[in-house]
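Coordinate inspection notes
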Amino acid sequence: MKQFFTIGQLSKLFNVKISALRYYDEIGLLKPAKINHQTNYRYYSTEKFERLNVINYLRALDLPVESIKHFFEARDIDKLEEMLKDQKVQVQQQILTLKNIERRIDTRISQVDNAVNSVIDEIEIVDVPEMAVIYLDEDYRPNDDIEFPIATLRQKFGVDKNIFLGKIALTINQANLLARRFDSYNGLLLIMEPGDEGDATTTLKAGKYIRLRFRGTHDTAAHQYPLMINYCQKHNFKITGPAIETALIDYGISDDVEKYITEIRIPIENA
């Protein structure tokens, strides 16, 4: 005599949601052995167990339900092999995506740790590697809303997804630095990092830079520039390019304004 199980019992036996079993029934993937038409209760025989095991196995491989249904309709080894190969390609792509995300997370952890342990209010000379960037020629004043030009940059260059905070920099061109005009910026750039998608439009050259990190934001950066220009003059350094100003810690990751840190880098060479 056949033994029958209610949908609730089957759900508990195989750890499958009742809603999923009902959906499998609706699409013809796993039909009950019989239905009580007065109560509309579904009853499943042990003959359905093997099919449900296969369904669960294929779902664990993240195969879509429609693909599983097509497999059962074909009941063909070649079809199964084709499905698994296609799924392997998708899994490999997911692994690559997750690895890129992991790289971005590691980079961000390193950035935050580096910022928290910064030397503050002291000009340093640092060697900076070449950096790929996406540049937007856009004037910006400290009191302007920066979020709109940032959104414009990301959308214009197709990098509006999967971008972490803390990579936007503002620039003051070399001419304005030498003329001591620090009240506005000449451009915005997005510093590309490992794992980022999208093509860089230019690079920041490698070389020697003076660097100053201070507690504050772009709004309070203007009075830092004369200190750096005077430092260059005192030590006989020639400014060779635009200043790069980056908020390392700001409102994007902290509500405590006392913890905000901004960095200014200016490329130099011996005069």
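Residues numbered from 1 in each chain as written. Predicted model: local features only at pLDDT ≥ 70, side-chain atom pairs only at ≥ 80, totals over all residues. Heavy atoms only, no water.

Focus: the overall build of the protein
Of the regular secondary structure elements, the protein holds eight helices and twelve strands. Buried positions account for 39% of the 271 residues belonging to the protein. Here the analysis covers contacts within the protein between residues at least 6 apart in sequence; of these, 68% occur between residues at least 24 apart. For the protein, the accessible surface area stands at approximately 16200 Å², while carbon and sulfur atoms represent 50% of it. (Helix = DSSP H or I, 4+ residues; strand = E, 2+ residues; numbered from the N terminus. Buried < 20%, exposed > 50% of the residue type's maximum accessible area, 1.4 Å probe, protein only. Contact = heavy atoms within 4.5 Å. Areas by Shrake-Rupley, 256 points an atom, 1.4 Å probe, with all protein chains shown as cover.)

Here's the deal with the side chain of T262
Summarising the element assignment, T262 is placed in strand 12 (residues 261–270). A polar atom in the side chain of T262 sits 2.7 Å from the backbone oxygen of G216. Contacts of T262, omitting those with residues within four sequence positions, involve L212, R213, F214, G216, T217, H218, E245, T246, A247 and L248. (Polar contact = N/O pair within 3.5 Å; in protein donor to acceptor, adjacent residues only side chain to side chain.)

Brief notes about helix 2 (residues 18–26)
In an α-helix, one full turn covers 3.6 residues, which means residues spaced three or four apart are oriented alike. Taken together, the buried positions of helix 2 are occupied by L21, Y24 and D25. All buried residues of helix 2 project into a common sector of 100 degrees when viewed along the axis, lining one side. Structurally, helix 2 contributes buried residues whose contacts are with helix 1 (7–14), strand 3 (41–45), helix 3 (47–60) and helix 4 (65–74). At the exit of helix 2 stands G28, carrying a positive phi of roughly 80 degrees. (Arc of directions from axis to C-beta.)

A few points about the packing of helix 3 against helix 4
Two numbers describe how helix 3 lies on helix 4: the axes approach to 10 Å, and their chain directions differ by 135 degrees. Classed by the angle they form, the pair helix 3 and helix 4 counts as oblique. The two elements helix 3 and helix 4 meet at a crossing, and its hand is right-handed. Of the residues in helix 4, those touching helix 3 at R51, V54, I55, L58 and R59 are V65, I68, F71 and F72. Grouping the amino acids of the contact of helix 3 with helix 4 by side-chain chemistry returns seven nonpolar, no polar and two charged. (Axes fitted to C-alpha atoms, helices over the stretch in contact; angles between N-to-C directions. Parallel < 35°, antiparallel > 145°, perpendicular 65-115°, else oblique. Left-handed = near helix turned anticlockwise from the far one by under 90°. Nonpolar A, V, L, I, M, F, W, Y, C, P; charged D, E, K, R; others polar.)

Considerations on the nonpolar core
Core analysis: the largest hydrophobic core is formed by 27 residues, its most contacted members being L177, I210, Y225, I264 and I266. Secondary-structure elements contributing two or more residues to this core are strand 6 (168–172), strand 7 (187–191), strand 9 (207–215), helix 8 (225–234), strand 10 (237–239) and strand 12. Here this core gets five residues from one element, more than from any other, and that element is helix 8. Residues in contact with I266, not counting those within four places in the same chain, are L177, K208, Y209, I210, Y225, M228, I239 and A243. Judged by nonpolar contacts, the second largest core, of 21 residues, contains F5, V16, F49 and V65. (Core = buried A, V, L, I, M, F, W, Y, C linked by side-chain atoms within 4.5 Å.)

Quick word on the packing of aromatic side chains
Two descriptors summarise a pair of aromatic rings, namely the distance from one centre to the other and the angle between the planes of the rings. Per the counting criterion, the structure on display carries five aromatic pairs. Ring geometry for F5 and F49: centres 5.3 Å apart, planes at 50 degrees, overall tilted. Of this pair, F5 sits in strand 1 (residues 4–6) while F49 sits in helix 3, and the two are 44 residues apart along the sequence. One aromatic cluster is present, built from ring pairs that chain together F5, F14 and F49. We note K34 situated over the ring of F4; from NZ or CZ to the ring centre the distance is 4.4 Å. Positioned above the aromatic ring of Y43 is the side chain of K34, whose terminal nitrogen or guanidinium carbon lies 5.8 Å from the ring centre. (Phe/Tyr/Trp six-rings, centres within 6.5 Å; stacked < 30°, edge-to-face > 60°. Lys NZ or Arg CZ within 6 Å of the ring centre and 35° of its normal.)

Describing the confidence of the model for the protein
Per-residue confidence for the protein gives a mean pLDDT of 85; residues scoring 70 or more make up 89%. Long-range and interchain partners of residues 162–166, a stretch whose pLDDT sits below 50, account for 14 contacts in this model, where long-range means more than four residues apart. (pLDDT = per-residue confidence, 0-100.)

Notes on a nonpolar patch on the surface
Together, Y57, L61 and L84 make up a nonpolar patch on the protein surface, roughly 250 Å² of accessible area in all. Inspection of the secondary structure puts Y57 in helix 3. (Patch = residues over 30% accessible without salt bridge, like charges linked within 9 Å, V, L, I, M, F, W, Y side chains within 5 Å. Salt bridge = Lys/Arg side-chain N within 4 Å of Asp/Glu carboxyl O.)

Some remarks on the layout of surface pockets
The space that makes up the largest pocket amounts to roughly 560 Å³. Of all the elements in the fold, those that place two or more residues in the lining of the largest pocket are helix 5 (77–116), strand 4 (124–128), strand 5 (131–136), strand 9, strand 11 (243–249) and strand 12. (1 Å grid on protein atoms, 1.4 Å probe; cavity = no way out; pocket = protein on both sides within 12 Å on 5 of 7 lines; lining within 4 Å. Points joined across faces, edges and corners; volume = space filled by probe spheres on them.)

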